[in-house]
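Below, each chain spelled out in residue letters.
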Amino acid sequence: MTESKREPGGTGVASRREIVRRIVGRIPAPRCGFWLGNPHPDTWPILHRYFGTNTEEELRQKLGDDLRWISPQFVESTYRHPEGRKLFDWHSEKMSHGQAGPLAGCERGEDVDRFDWPRVEDLDFSETLVRLAEAGDVYRASGFWCPFFHDVMDLFGMEHYLVKMSTHPEVVHAVTERVCRFYLEANERFFALAGDLVDGFFFGNDFGTQLDLILSPKLFDEFILPWFKKFTDQGHRRGCQVLLHSCGSIHRVIGRLIDAGVDGLHPLQARAKNMDAETLARDFGGKIAFMGGVDTQRVLNRGTPGAVREEVRRIKDVLGPHLIVSPSHEAVLPDVPPQNIAALAEAALA
């Protein structure tokens, strides 16, 4: 069990912030938590029309959302490259994940060194710090998103990346280290300034498909897990709880993530193989906090409000009490009726 910067208070009524800290710390809390997720940009106008709100914060307050995700990586003013480049933005001109990236032909370490890597000196956290300070009495999840698995994949191209793990492992290690060292240093600078404004270090890499891992557990252990351990240790050293995101079926390595010290797992893609609530509770209940789990492939988008309420109650019974109720895909799409979002929030906080 990992302690946060602040010990939970006495026996009085717990605040939203304290409730989520207790849940992630696997300490008894008065109820499960609730996070709306991070709806797709096309979804917000639909939600605002239905709920009669004008801003994201107004809607979250109306729903009783316990958590705010405020990552410096997604604040536009954070990365101030002198030529206006965006941070790790090599995917923007691609048409597919398989398309070759700028390092597809890289076969030597010196080729890695010659690449134009981002610099931590070009980072400015001012806007993020203001947003965190103004977040109110809610749980603040922050830190760089650190999607190094995707960044390295974009640099090589998906097929080149996975093949080079076997043909040129030293090159893959070198590129991964350059990407991850940037994120580690960026986080060090950010956490030093943010201090107690941050409750949880929330970072993510999607290494699962609907049926299994994208890469074998052996390759995961060699190329991915050591860096997860470094990021998790960094978060704990800075007094933060650590929440890890990965879509897809990642059941085969959840035990490794627990051993690495991860406190909470998100988003629990409900219809991916072995990611259903019963299997997760059976295999990992009490060892890690859960965040997500409400199916967005069949229930939230196709079910009635009554079906959504029933599913939320079921998920709470199976995965609670160390559970933050949330969609199983955080980028809630426009096909989810707003009535079902209302039912989700109502049942989550009941």
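Before reading on, note that the structure itself is shown above.
Residues numbered from 1 in each chain as written. Predicted model: local features only at pLDDT ≥ 70, side-chain atom pairs only at ≥ 80, totals over all residues. Heavy atoms only, no water.

A. Summary view of the overall build of the chain. The number of helices and strands found in the chain is 14 helices and 8 strands. Oriented by its inertia axes, the alpha-carbon framework of the chain measures out at about 60 × 40 × 40 Å. Burial analysis of the chain (350 residues in total) assigns 56% to the buried set. Of all intrachain contacts in the chain linking residues separated by at least 6 positions in sequence, the fraction that spans at least 24 positions is 79%. Accessible surface, the chain as shown: approximately 14,800 Å² in total, 50% of it carbon and sulfur. Looking at the chain, you have 42 positive and 50 negative side-chain charges, and the mean spots of the two groups are 3 Å apart. (Helix = DSSP H or I, 4+ residues; strand = E, 2+ residues; numbered from the N terminus. Buried < 20%, exposed > 50% of the residue type's maximum accessible area, 1.4 Å probe, protein only. Contact = heavy atoms within 4.5 Å. Areas by Shrake-Rupley, 256 points an atom, 1.4 Å probe, with all protein chains shown as cover. Lys, Arg positive; Asp, Glu negative; His and termini not counted. Charge placed at Lys NZ, Arg CZ, Asp CG, Glu CD.)

B. Structural detail: the nonpolar core. Within the largest apolar cluster, 95 residues are counted, with the highest numbers of intra-cluster contacts made by F207, F228, F231 and L257. When residues of this core are assigned to their parent elements, the largest contribution, 12 residues, is made by helix α8 (residues 169-194). Beyond its immediate stretch of four places on either side in the chain, F228 contacts F148, F203, N205, F207, F220, L244 and L257. Membership of the second largest hydrophobic core comes to 14 residues, among which are I19, I23, W35 and A141. (Core = buried A, V, L, I, M, F, W, Y, C linked by side-chain atoms within 4.5 Å.)

C. Highlighting the packing of aromatic side chains. All chains considered together, the criterion is met by 27 aromatic pairs. Between the aromatic rings of F220 and F228, the centroid separation amounts to 6.0 Å while the plane-to-plane angle is 65 degrees, which identifies the pairing as edge-to-face. Sitting over the ring of W227, K230 keeps its end group 4.8 Å from the ring centre. (Phe/Tyr/Trp six-rings, centres within 6.5 Å; stacked < 30°, edge-to-face > 60°. Lys NZ or Arg CZ within 6 Å of the ring centre and 35° of its normal.)

D. Highlighting the sheet that holds strand β3 (residues 139-142). If you walk across this open sheet you meet the 8 strands as β1-β8-β7-β6-β5-β4-β3-β2, and the pairing is parallel. Either end of the sheet is taken by a strand with one partner, and the two such strands are β1 (33-34) and β2 (67-69). Two elements, β1 and strand β8 (residues 323-327), share 2 bridges in a ladder whose sense is parallel. Across the sheet, the residue bridging to G33 is I324, located in β8. (Pairing = 2+ DSSP bridges.)

E. Focus on the side chain of D199. Along the chain, D199 turns up in the loop between α8 and β4 (200-204). When its relative accessible area of 0% is taken as the criterion, D199 is described as buried.

F. Examining the layout of surface pockets more closely. Estimated volume of the largest pocket: approximately 1,500 Å³. For the largest pocket, the lining is made up of 46 residues, of which W69, Q73, F74, V75 and W145 are closest to its centre. Elements that contribute at least two residues to the lining of the largest pocket include exactly α3 (56-63), β2 and α6 (148-156). No other element matches the 4 residues that α6 contributes to the lining of the largest pocket. Looking at the lining of the largest pocket residue by residue, the classes come out as 19 nonpolar, 13 polar and 14 charged. The volume enclosed by the second largest pocket comes to roughly 240 Å³. (1 Å grid on protein atoms, 1.4 Å probe; cavity = no way out; pocket = protein on both sides within 12 Å on 5 of 7 lines; lining within 4 Å. Points joined across faces, edges and corners; volume = space filled by probe spheres on them. Nonpolar A, V, L, I, M, F, W, Y, C, P; charged D, E, K, R; others polar.)

G. Focus on the packing of α8 against helix α9 (residues 217-237). It is at 11 Å that the axes of α8 and α9 come closest, and there the two elements cross at 15 degrees. Taken together, α8 and α9 sit at an angle that is classed as roughly parallel. Read as a crossing pair, α8 and α9 show a hand that is right-handed. Where α8 approaches α9, its residues P169, V172, H173, T176, E177, C180, R181, Y183, L184, N187 and E188 are matched on the opposing element by E222, F223, W227, K230, F231, Q234 and R237. Here the residues of the contact of α8 with α9 sort into 8 nonpolar, 4 polar and 6 charged. (Axes fitted to C-alpha atoms, helices over the stretch in contact; angles between N-to-C directions. Parallel < 35°, antiparallel > 145°, perpendicular 65-115°, else oblique. Left-handed = near helix turned anticlockwise from the far one by under 90°.)

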